[in-house]
Amino acid sequence: MWQQAINGVFVGAIYALFAVGYALVFGVLDILNLAHQAVFTASAFIALAFVAGGNLPLTIALPVALLSAGLIGIGLERVAFRPLRGRSDSNISGLISSLAAATLLEAIVLQIWGPDVERFPLGTFPDKPLRLLGATVSALQLTIIAISVALMAALTAVLRATRLGRQIRAVAESPRAARILGVDVDRVIAWSFFFSSALGGAAGVLFGVAFNSVSPDMGRSVELKGLAVIILGGMGSIAGAVVAGFALGLIEVFTVVQLGSSWRDAVSFGVLFFVLLVRPSGLFGKAAIREA
Amino acid sequence: MRLGRWTRGLTVVSSVIALAACKGGGGSSEGGGSAAQSKSLKLGAALSLTGAAATYGQSQKNGLEAAAEELNGGSSLQGIKIELVVEDDATSKEQGINVFQRFINTDKVSAILGPTLSTTATAADPLAQQGRVPVLAISNTSPTGITDIGDYIWRDSLTEAQVVPGAVKKAKAKFGFKNAALLYGNDDVFTKAGYDVMKKALADENVPVVDTQTFAKPDRDYSAQLTAIKGKNPNILVVSALADNAAAIVAQARQLGYSGPILGGNGFNSPAFIKNAGPAAEGALVGTSWNSSSDAPANQRFKQLMEKRGVKPDQFTAQAYSGVLIVAEAVRKAGFKTGRDDIKSGFAQVKDLETPLGKFSFTPARDAQHEPAVQQVKNGKFEIVE
């Protein structure tokens with residue numbers, strides 16, 4: 001049971017990290033960025049290129065991949081979102097153009113690295129199994145949980161305590177009011193994409209290292225889960241995404257334990273359905289968006 | 001001006017309809033027949049070059065190309081040139097159907113090889129059956145739902161039902177396990193069928209199953225299922241999964257501290273499995289339809305050919321390569337005619353053909369018939385268990 005709880009927290013940490021990026025962009029722009037999963041994938045491959053191709057340790061590859069993912073995010077915003085901003089249907093057209101961007105990114109990854117499942121070379125991370133209260137935990141798992149939590153905490157700190165963070169929150173509240181108060185809205189949105197994509201990219205690298213598999217379609221396995229997480233947490237709520245991410249991880253694991261693995265997705269999405277019935281705005285509701 | 005464009009559009013549309021009608025009425029041997037006069041044998045290959053099964057598709061492509069090149073360089077087909085059209089089915093039913101439609105109606109191929117996965121085959125093969133185009137499956141291992149589609153569907157790949165019982169028996173003799181746990185992908189025809197066969201094979205050997213868990217193709221994390229399985233202390237873990245999933249499953253099982261033997265279905269049969277699972281792959285057992293260490297001349301020639309191309313062959317390469325040899329043999333048996341029905345009737349006469357898979361014949365149910373083997377991962381390589 002204890003072992004399963006650890007498994008759940010571990011997957012949950014990655015779901016949460018991935019979903020926080022979704023939530024950030026949604027909170028600021030009210031647009032779902034469906035290219036988020038492609039950034040997740042691209043970033044994992046970038047880290048892989050540094051580790052496997054350049055023989056660099058993960059401690060260098062991870063920050064580099066994170067930064068690259070952030071830059072991809074800024075590019076994404078320029079190409080797929082900014083030109084559409086201000087149009088009356090920008091929510092839908094933004095959704096569609098992010099889908100196109102996702103296809104494009106995936107195709108680029110496919111062109112460069114091919115369709116095969118790759119993995120980080122053995123020993124990329126010294127993987128020592130530790131015994132913890134009768135459960136087996138690898139040092140890698142603990143590190144991944146720690147990195148995820150640290151990154152989410154860092155984002156929260158940026159949003160709360162810095163000038164940029166205040167501006168992001170102001171734009172989330174009302175772009176027009178923010179602009180009147182002299183906030184450079186375009187710059188703030190670009191930064192939001194940078195943070196969002198960097199976190200998504202970090203999730204991609206950690207996912208690839210944790211499960212020993214990096215493939216052009218890896219983003220698809222978290223895409224739906226990520227969407228479920230932000231809906232569950234309340235669209236655009238950062239705290240909601242974190243809580244819901246861990247919750248989904250644990251729900252999945254305990255469904256496997258109690259009902260069997262065939263029920264896993266049915267129960268996860270059943271819970272999602274139920275929460276939406278009872279609290280249509282998600283666990284952390286609309287109010288939390290303004291806090292983001 | 002506008003009107004002109006309209007009528008032109010109409011002409012195009014109506015000619016397309018006319019063409020389609022022609023095809024429906026005229027029968028398919030027409031397409032194949034004209035191919036014979038130009039002395040070429042057009043083969044369409046629907047392979048999963050992208051998506052979850054891309055590992056296999058690439059292996060297959062290598063095998064097909066090598067065989068076509070070899071046959072085109074020789075004289076055994078009396079100057080008929082093999083023209084290989086390879087298309088990507090993207091590991092999806094929808095794309096598989098598109099590719100088949102193209103092969104049947106646009107490319108007018110004499111026969112179709114593939115598609116890579118049984119799941120795709122169940123969706124695409126009925127089109128070929130309807131269009132009376134012979135299909136030779138070169139990797140479909142689902143016991144049901146493939147060759148029973150109709151008399152134009154053949155295969156050179158042994159089914160899981162033919163391979164798995166032998167593997168279970170041999171593993172039991174080696175490890176003497178008393179119970180087993182099962183883990184399988186429940187969203188794929190092939191892995192599900194593999195599971196059914198494993199369950200039956202274990203029952204036939206009187207081995208009780210202590211736990212059964214499932215996963216889905218896009219999954220990358222199996223720790224919950226594996227922890228549950230480990231809690232039941234099985235003597236052996238039996239897994240039905242595609243290679244991408246299989247490698248991660250084996251690696252995670254070892255990470256979680258499971259140390260017993262692991263027996264895999266056909267999905268384990270790929271160098272990619274060993275590469276991605278790393279040291280965790282050591283000792284994994286798998287039934288196979290290609291005995292790589294066989295010193296039969298056909299197998300040795302195949303291995304040399306692959307070495308020359310710089311390709312590491314696996315079972316899928318061998319089956320694809322053999323597939324082209326079998327089609328060529330069918331053409332020979334049909335008196336060097338390359339029509340669709342000629343090839344179909346030729347298939348029925350293929351008997352004890354020397355291939356890398358061994359002496360090859362078809363069963364009356366159009367399935368493959370040759371000797372299977374069992375292999376184990378040792379020092380990062382598959383070795384045949386004697």
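Above this text sits the structure in question.
Note that the coordinates shown come from a computational prediction; the quantities given were computed from them, not determined experimentally. (Residues numbered from 1 in each chain as written. Chains lettered and ligands numbered in written order. Predicted model: local features only at pLDDT ≥ 70, side-chain atom pairs only at ≥ 80, totals over all residues. Heavy atoms only, no water.)

Enquirer: How should I be thinking about the overall build of chain A in this particular structure?
Expert: A count of helices and strands for chain A gives twelve helices and two strands. Walking chain A from its N terminus toward its C terminus, one meets helices and strands in the order α-α-α-α-β-β-α-α-α-α-α-α-α-α. When its C-alpha atoms are laid out on the principal axes, chain A stretches across 60 × 50 × 35 Å. Out of the 292 residues belonging to chain A, those deemed buried represent 55%. Long-range pairs, those at least 24 residues apart, make up 75% of the contacts in chain A between residues at least 6 apart in sequence. If you sum the accessible surface of chain A, you get close to 12,100 Å²; carbon and sulfur atoms cover 69% of it. When the 20 basic and 15 acidic side-chain charges of chain A are each reduced to a single mean position, those positions are 9 Å apart. (Helix = DSSP H or I, 4+ residues; strand = E, 2+ residues; numbered from the N terminus. Buried < 20%, exposed > 50% of the residue type's maximum accessible area, 1.4 Å probe, protein only. Contact = heavy atoms within 4.5 Å. Areas by Shrake-Rupley, 256 points an atom, 1.4 Å probe, with all protein chains shown as cover. Lys, Arg positive; Asp, Glu negative; His and termini not counted. Charge placed at Lys NZ, Arg CZ, Asp CG, Glu CD.)

Enquirer: In this structure, what is going on with the overall build of chain B? I would like to understand it.
Expert: For chain B, the helix and strand inventory stands at 13 helices and 15 strands. Counting only C-alpha atoms and orienting by the principal axes, one finds that chain B spans roughly 75 × 55 × 35 Å. Per-residue burial for chain B yields a buried fraction of 58% across its 386 residues. For chain B, long-range pairs separated by at least 24 residues make up 70% of all intrachain contacts whose partners lie at least 6 apart in sequence. Total accessible area on chain B is roughly 14,900 Å²; 53% of this is exposed by carbon and sulfur atoms. A distance of 2 Å separates the average location of the 42 positive side-chain charges in chain B from that of its 37 negative side-chain charges.

Enquirer: In this structure, what is going on with the sheet that holds strand E11 (residues 353–355) of chain B? I would like to understand it.
Expert: Within a beta sheet, neighbouring strands are joined by backbone hydrogen bonds and run either parallel or antiparallel to one another. All names here are of chain B. With antiparallel pairing, the three strands of this open sheet are ordered in space as E11-E12-E13. Each of the sheet's edge strands pairs with one partner strand only, and the pair in question is E11 and strand E13 (368–369). The pairing of E11 with strand E12 (residues 358–362) spans three bridges and is classified as antiparallel. Bridge assignment links Thr355 to a residue of E12, and that residue is Gly358. Running over the sheet, helix H12 (residues 315–333) touches E11 and E12 and is turned about 160° from E11. (Pairing = 2+ DSSP bridges. Axes fitted to C-alpha atoms, helices over the stretch in contact; angles between N-to-C directions.)

Enquirer: What exactly am I supposed to notice about helix H7 (residues 189–204) of chain B here?
Expert: Every α-helix winds through 3.6 residues per turn, so residues three or four apart in the chain are directed the same way. All names here are of chain B. Between its first and last C-alpha atoms H7 spans 22 Å; for 16 residues at 1.5 Å apiece the expected length is 22 Å, and the two agree. All buried positions along H7 are accounted for by Phe190, Thr191, Ala193, Gly194, Tyr195, Val197, Met198, Ala201 and Leu202. Looking at the buried positions of H7, the neighbouring elements they touch are helix H5 (118–131), helix H6 (160–175), strand E6 (180–185), strand E7 (209–215), strand E8 (236–240) and strand E9 (262–264). Residue Asp188 occupies the N-cap position of H7, its side-chain oxygen lying 2.9 Å from the main-chain nitrogen of Phe190. Directly beyond the C-terminal end of H7, a positive phi value near 60° is found at Asn206. (Expected span 1.5 Å × (residues − 1). Polar contact = N/O pair within 3.5 Å; in protein donor to acceptor, adjacent residues only side chain to side chain.)

Enquirer: Which parts of the structure should I look at to understand the packing of aromatic side chains?
Expert: The geometry of an aromatic ring pair is captured by the separation of the ring centres together with the interplanar angle, meaning the angle of the planes. Residue and element names in this part refer to chain B. Applying the stated criterion across every chain yields a total of 20 aromatic pairs over all chains. Taking 3.8 Å as the distance between ring centres and 10° as the angle between the ring planes, the aromatic pair formed by Tyr184 and Tyr195 counts as stacked. One end of the pair, Tyr184, is in strand E6; the other, Tyr195, is in helix H7, with eleven residues separating them in the sequence. Tyr195 carries the same exposure label as Tyr184, and that label is buried. (Phe/Tyr/Trp six-rings, centres within 6.5 Å; stacked < 30°, edge-to-face > 60°.)

Enquirer: Would you explain the pairing of E8(B) in this entry?
Expert: Each regular strand carries side chains that alternate between the two faces of the sheet. Residue and element names in this part refer to chain B. For E8, the tally of buried residues reaches five of five residues, placing the bulk of the element in the interior. On E8, burial covers both faces: Ile236, Val238 and Ser240 on one face and Leu237 and Val239 on the other are all buried. One ladder, built from five bridges, connects E6 with E8; its direction is parallel. Among the inter-strand pairings, Tyr184 is bridged to a residue of E8, identified as Ser240. Across three bridges, E8 lies against E9 in parallel orientation. Considered in E9, the bridge of Val238 is made with Leu263. The β-α-β motif built from E8, the intervening helix H9 (residues 243–255) and the parallel element E9 has right-handed crossover chirality. (Right-handed = clockwise from strand over helix to strand, strands pointing away.)

Enquirer: It is not clear to me how unusual backbone geometry should be interpreted in this structure. Could you clarify?
Expert: Both trends apply: most residues other than glycine have a negative phi, and most peptide bonds are in trans. Residue and element names in this part refer to chain B. Of note, the bond from Gly114 into Pro115 is cis; its omega dihedral lies within 30 degrees of zero at -10°. Within the secondary structure layout, Pro115 lies in the loop between strand E3 (111–113) and H5. Residue Thr91 is not a glycine yet carries a positive backbone phi of 55°. Among the secondary structure elements, Thr91 is positioned in the loop between strand E2 (81–88) and helix H4 (93–107). For Thr91, a relative accessible area of 13% puts it in the buried group.

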